[in-house]
Amino acid sequence: MIRALYDWTIRMAEHRHALWALAIVSFVESSFFPIPPDVLMIPMILARPNRAWLIAAVALSSSVLGGLLGYAIGAFAYQEIGLPILAALGKGDAMTAFSARFNDFGFWAVLTAGITPFPYKVITIMSGWTGMPLGVFIATSILARGIRFFVMAALLWKYGAPVRDFIERRLGLLAFLFVVLLFGGFYAARFL
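Residues numbered from 1 in each chain as written. Predicted model: local features only at pLDDT ≥ 70, side-chain atom pairs only at ≥ 80, totals over all residues. Heavy atoms only, no water.

(A) Here's a closer look at the packing of helix H2 (residues 18-29) against helix H4 (residues 52-76). Contact geometry of H2 with H4 gives a least axis separation of 7 Å together with a crossing angle of 35 degrees. Classified by chirality, the crossing of H4 by H2 is right-handed. For the pair formed by H2 and H4, the contact residues are Leu19, Leu22, Ala23, Ser26 and Phe27 on the first element and Leu54, Ile55, Val58, Ala59, Ser62, Ser63, Leu65, Gly66 and Leu69 on the second. Classifying every residue of the contact of H2 with H4 gives 10 nonpolar, four polar and no charged. (Axes fitted to C-alpha atoms, helices over the stretch in contact; angles between N-to-C directions. Helix = DSSP H or I, 4+ residues; strand = E, 2+ residues; numbered from the N terminus. Left-handed = near helix turned anticlockwise from the far one by under 90°. Contact = heavy atoms within 4.5 Å. Nonpolar A, V, L, I, M, F, W, Y, C, P; charged D, E, K, R; others polar.)

This is the structure:
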């Protein structure tokens, strides 16, 4: 089943609308969707390494725009939308105490969440709710997501064929590790 899903993803990564799909996933992941854009980005670059920089740029710009939606949710609709999203991630009760300290280290929070598997949407919503300066939020989001997506693009562009071979030989293990990282990010969001 994992092999069929992987083969389907590789085929879809070569589709003419793949960049639009990546843009949508990157956008919604930054504000409320649980699946990271890496799921599409990696096979897209493996399928078409000559487009690695374009793919990274689409993921970056869409992710930052989605982050602005998360910021707006936090700033203007925290009780109605933001709090239920954060509660689903296990952060609802801790938000008031956390918000008092958030802007003291907000730059580092946005940077860390933008690079790591920690759910970025938690930080985008918190940034709006706590009133982090919008310019700091945007600049840090561009930096963090740029590092994440362009480093990944560079590595896949440079080592794409061996990476694809490695993925295809160890697909089950990598699928397991992806799930562990995904749930680990949600676990970290719940307990940090």
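Still more ground to cover, so stick around.
(B) Examining the pattern of salt bridges more closely. Enumeration according to the criterion identifies three salt bridges in this entry. Of the charged contacts in the structure, one is a salt bridge between Lys121 and Glu29, with a shortest N-O distance of 3.9 Å. Residue Lys121 is located in helix H8 (residues 120-129), and its partner Glu29 is located in helix H2; the two are separated by 92 residues in the primary sequence. Lys121 gets classed as buried once you look at its relative accessible area, which sits at 3%. Residue Asp38 is joined to Arg148 by a salt bridge in which the shortest nitrogen-to-oxygen separation is 2.5 Å. With a gap of 110 residues between them, Asp38 in helix H3 (residues 38-47) and Arg148 in helix H9 (residues 134-169) connect regions that are remote in the sequence. (Salt bridge = Lys/Arg side-chain N within 4 Å of Asp/Glu carboxyl O. Buried < 20%, exposed > 50% of the residue type's maximum accessible area, 1.4 Å probe, protein only.)

(C) Expanded view of the packing of aromatic side chains. Going through the model one piece at a time under the given rule, you end up with four aromatic pairs. Aromatic side chains Trp53 and Phe150 sit 6.4 Å apart centroid to centroid with 5 degrees between the ring planes, which places their arrangement in the stacked category. With Trp53 in helix H4 and Phe150 in helix H9, this residue pair connects regions lying 97 residues apart in the sequence. A relative accessible area of 38% places Trp53 in the partly exposed class. Both rings, one in Tyr78 and one in Trp129, keep their centres 4.1 Å apart while their planes meet at 10 degrees; by these two values the pair is stacked. Here Trp129 lies in helix H8 and Tyr78 lies in helix H5 (residues 78-88), a separation of 51 residues in the sequence. By relative accessible area, which is 6% here, Tyr78 ends up buried. Here the guanidinium or amino end of Arg145 rests over the ring plane of Tyr120, the centre of that ring lying 4.2 Å away. (Phe/Tyr/Trp six-rings, centres within 6.5 Å; stacked < 30°, edge-to-face > 60°. Lys NZ or Arg CZ within 6 Å of the ring centre and 35° of its normal.)

(D) Seen up close, the nonpolar core. If you look at the biggest cluster of nonpolar residues, it comprises 21 residues, and the most contacted ones within it are Leu22, Met41, Met44, Ile45, Ile55, Phe149 and Ala153. Tallying contributions element by element places H4 first for this core, with seven residues. Other than its neighbours up to four places away in sequence, Met44 contacts Ala13, Ala18, Leu19, Leu22 and Ile55. (Core = buried A, V, L, I, M, F, W, Y, C linked by side-chain atoms within 4.5 Å.)

(E) Spotlight on the environment of Val39. Mapped onto the elements of the fold, Val39 is located in helix H3. Counting along the chain gives 14 residues from Val39 to Val25, while the straight-line C-alpha distance between them is 9.3 Å.

(F) Molecular detail of H2. For H2, spanning 12 residues, the distance from its first C-alpha to its last is 16 Å, which sits close to the expected 16 Å at 1.5 Å a residue. Residues Ala18, Leu19, Leu22, Ala23, Val25, Ser26, Val28 and Glu29 constitute the buried set of H2. (Expected span 1.5 Å × (residues − 1).)

(G) Expanded view of the environment of Ser63. With respect to the helices and strands, the residue Ser63 is situated in helix H4. Along the chain, Ser63 and Pro36 lie 27 residues apart, while their C-alpha atoms are 10.0 Å from each other. Not counting residues up to four positions away in its chain, the partners in contact with Ser63 are Ser26, Phe27, Ser30, Tyr120, Arg145 and Phe149. Here the side chain of Ser63 touches Arg145 through a polar contact of 2.8 Å, side chain to side chain. (Polar contact = N/O pair within 3.5 Å; in protein donor to acceptor, adjacent residues only side chain to side chain.)

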